[in-house]
Amino acid sequence: MREYDIVVIGGGLAGLMAAAAATKRGKKVTLLSLGSGTLTIGGGIVDVMGYLEGGIPAATPSAGLLQVGAGHPYKKIGRPAIEESIRFFKEICEQEGYSYIGNLDKTQWIPTAAGTLKPTCLVPRTMDTTELKKADKVTVLGFDALKDFYPSLIAKNFKKIPAFAQKEYEVVMIDPKLSEGRDVTALDVARWLDTEEGLASCIEKMRNVIDSGSVVIIPPILGTRPNYAVKEKLEKALGCHFVETASVPPSITGLRLRTMLVRYLKKNGVRIVEQAIVAKSIVEDGKCVAVITEGVDRERTYYAKSFILANGGFYGGGLLAEPGKVIEPIFNLPVEAPTDHELWANYSLFSSEAQPFAKLGLDVDEKMRPLDANGKVLLNNVFVAGRNLRGYDFSFEKSGNGVAIASGYQAAMSV
């Protein structure tokens, strides 16, 4: 029987950070991943706390942390551990050559593909808006046949933002000739720029429409690899500054971040098992002994001293909604939820309040161990991270990746 120190269940940001923190402590770690989590959907930016109750913007992520309610995961984790987790995340990024900028004391407002500004905390350097704020003239660059990115809309909406209204905007387009009769995605363009031929061709096309010294808003297309080579080569060749927007899926920034974290884990000895469907657990005397995965061939059993559950809540199958109840299917942990489904949702389309169903999840102690309704620890060697946790609406608050990093780190440090 092969036993690990820790088995992490889930391959999203919470699971990846838990595995990273555990291996930093010298633990022998296996990560069971069914997919890539929401990183390649929700993006590679790190929201910590953007909005408070009532839809009120937090002055800074740090200020937002001080104002969350008692049941919020941030309250369980505590400020020191949150700060440590952010430092650890940034250390990994720096070490891997894909550094992130930002801190808890300043909200960063980054452009979106709709021409709005989104509050966040940490971003890759491709989204650094320093030069954009200083520029008198801004170029918005689009690509023929690229869906979900409309340069004219971005320019029009930016003119409505007080801090950007006085700037001059120019909309330009280039044709990467990738469509072949279909829509082009940001991933198509990013892969094109990964190649020497594509990058050279793009530079020549950009030279025809962009003046040297321009600040250019573009979709997230600066390569798929977790480095800044494409950005640096374009800027050197054209004498411009490029700023990527937040965009709809597929998220290239999220893909880069996940690729970097997986690379870091493998370099540090973490065993990653892909397409692992964790179906059930073996529990003896208040402790989990092993978890069992199902496959087309056979069941596999993974033994460990401790387990970290980070498999994505409702979105990743970590929580399942059934008539009148919510269940956690691997450990059969209790989830408190109204039996009346009408109470699960806020039905107002443009509401300033969070969604009740988004706050459903597992209650934990400060070590991230699951609790029963009376506050008793149920399994001493099981720890919970990410969207399985109760008490927060990651989408409404703009806190998802911040909670993932902090809770994954705290779970691993509590083992």
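In this text, all values refer to a predicted model and were calculated from it rather than measured experimentally.

**Points about the overall build of the protein**
- Summing up its helical and strand segments, the protein has 14 helices and 17 strands in all.
- For the protein, the C-alpha radius of gyration of 22 Å lies close to 22 Å, the compact-globule estimate for 415 residues.
- Judged by the C-alpha coordinates and their principal axes, the protein covers about 70 × 45 × 40 Å.
- Within the protein, the proportion of its 415 residues that are buried is 54%.
- Restricting the contact set of the protein to residue pairs at least 6 apart, pairs at least 24 apart contribute 68%.
- For the protein, the exposed area adds up to about 18000 Å²; of that, 50% sits on carbon and sulfur atoms.

**Examining the sheet that holds strand β8 (residues 168-174)**
- Spatially, β8-β7-β9-β10 is the arrangement adopted by the 4 strands of the open sheet, whose pairing is parallel. A single partner strand is all that each edge strand has here, and the edge strands are β8 and β10 (241-244). Averaged over neighbouring strand pairs, the angle between their axes works out to 30° when direction is ignored.

**Concerning the nonpolar core**
- Residues V7, Y74, F89, L265, V291, I308 and F331 are the most contacted members of the largest nonpolar core, which totals 85 residues.
- Formed jointly, this core draws a minimum of three residues from each of two domains, domain 1 (3-100 + 255-414) and domain 2 (113-246).
- Excluding residues that lie within four positions of it along the chain, F89 makes contacts with M17, V46, Y100, L122, L257 and I405.
- Within the second largest apolar cluster, 43 residues are counted, among which are F158, A186, W192 and L199.

**A closer look at the packing of aromatic side chains**
- Summed over the entire model, instances satisfying the criterion amount to 7 aromatic pairs.
- Pairing F88 with Y409 gives two aromatic rings, centres 5.7 Å apart and planes at 50°, and the pair type is tilted. Placement of F88 in helix α5 (residues 79-95) and of Y409 in helix α14 (residues 400-414) is noted, with a sequence separation of 321 residues between them.
- Accessibility expressed as a relative area gives 6% for Y409, which makes it buried.
- Centroid distance F158 to Y169: 6.1 Å. Interplanar angle 75°. Geometry classified as edge-to-face. Highlighted residues: F158 in helix α7 (residues 151-158) and Y169 in strand β8, separated in sequence by 11 residues. Taken individually, F158 and Y169 each receive the classification buried, so the pair is uniform in this respect.
- Through a chain of ring-to-ring contacts, three or more aromatic side chains come together here, namely F89, Y98, Y100 and Y228.
- Above the face of the Y315 ring, R387 is positioned so that its terminal group lies 5.6 Å from the ring centre.
- Stacked on the ring of F394, the Lys or Arg R387 has its end atom at 3.6 Å from the ring centre.

**Observations concerning helix α9 (residues 196-207)**
- Helix length check: α9 (12 residues) gives 17 Å between terminal C-alpha atoms against 16 Å at 1.5 Å per residue, within 8%.
- By the burial criterion, the buried members of α9 are G198, L199, C202, I203 and M206. Along the axis of α9, the buried positions cluster into a sector of 135°, meaning they face one direction only. Looking at α9, the residues exposed on the side facing more than 90 degrees away from the buried face are E196 and E197.
- In this structure, the buried side of α9 is in contact with β7 (137-143), β8, α8 (186-194), α10 (229-238) and β10.

**Points about the packing of α9 against α10**
- Interhelical geometry of α9 versus α10 gives an angle of 40° and a closest axis separation of 10 Å. Regarding the angle of α9 to α10, the classification is oblique. Helix-helix and strand crossings are classified by hand; for α9 and α10 the assignment is right-handed. On the side of α9, the interface is formed by L199, I203, M206 and R207, while α10 contributes V230, K233, L234, A237 and L238.
- Tallied by class, residues from the contact of α9 with α10 come to 7 nonpolar, no polar and 2 charged.

**Description of the packing of helix α1 (residues 13-24) against helix α11 (residues 252-267)**
- Their axes nearest at 10 Å, the elements α1 and α11 cross at an angle of 30°. Considering their axes alone, α1 and α11 lie roughly parallel with respect to each other. Our pair here, α1 against α11, has a crossing hand that is left-handed. Contacts from L13, L16, M17, A19 and A20 of α1 reach α11 at R258, L261, V262, Y264 and L265.

Reading guide: rules and limits
- Residues numbered from 1 in each chain as written.
- Predicted model: local features only at pLDDT ≥ 70, side-chain atom pairs only at ≥ 80, totals over all residues.
- Heavy atoms only, no water.
- Helix = DSSP H or I, 4+ residues; strand = E, 2+ residues; numbered from the N terminus.
- Rg over C-alpha atoms; globule rule 2.2 N^0.38 Å.
- Buried < 20%, exposed > 50% of the residue type's maximum accessible area, 1.4 Å probe, protein only.
- Contact = heavy atoms within 4.5 Å.
- Areas by Shrake-Rupley, 256 points an atom, 1.4 Å probe, with all protein chains shown as cover.
- Pairing = 2+ DSSP bridges.
- Axes fitted to C-alpha atoms, helices over the stretch in contact; angles between N-to-C directions.
- Core = buried A, V, L, I, M, F, W, Y, C linked by side-chain atoms within 4.5 Å.
- Domains from an automatic or database assignment.
- Phe/Tyr/Trp six-rings, centres within 6.5 Å; stacked < 30°, edge-to-face > 60°.
- Lys NZ or Arg CZ within 6 Å of the ring centre and 35° of its normal.
- Expected span 1.5 Å × (residues − 1).
- Arc of directions from axis to C-beta.
- Parallel < 35°, antiparallel > 145°, perpendicular 65-115°, else oblique.
- Left-handed = near helix turned anticlockwise from the far one by under 90°.
- Nonpolar A, V, L, I, M, F, W, Y, C, P; charged D, E, K, R; others polar.

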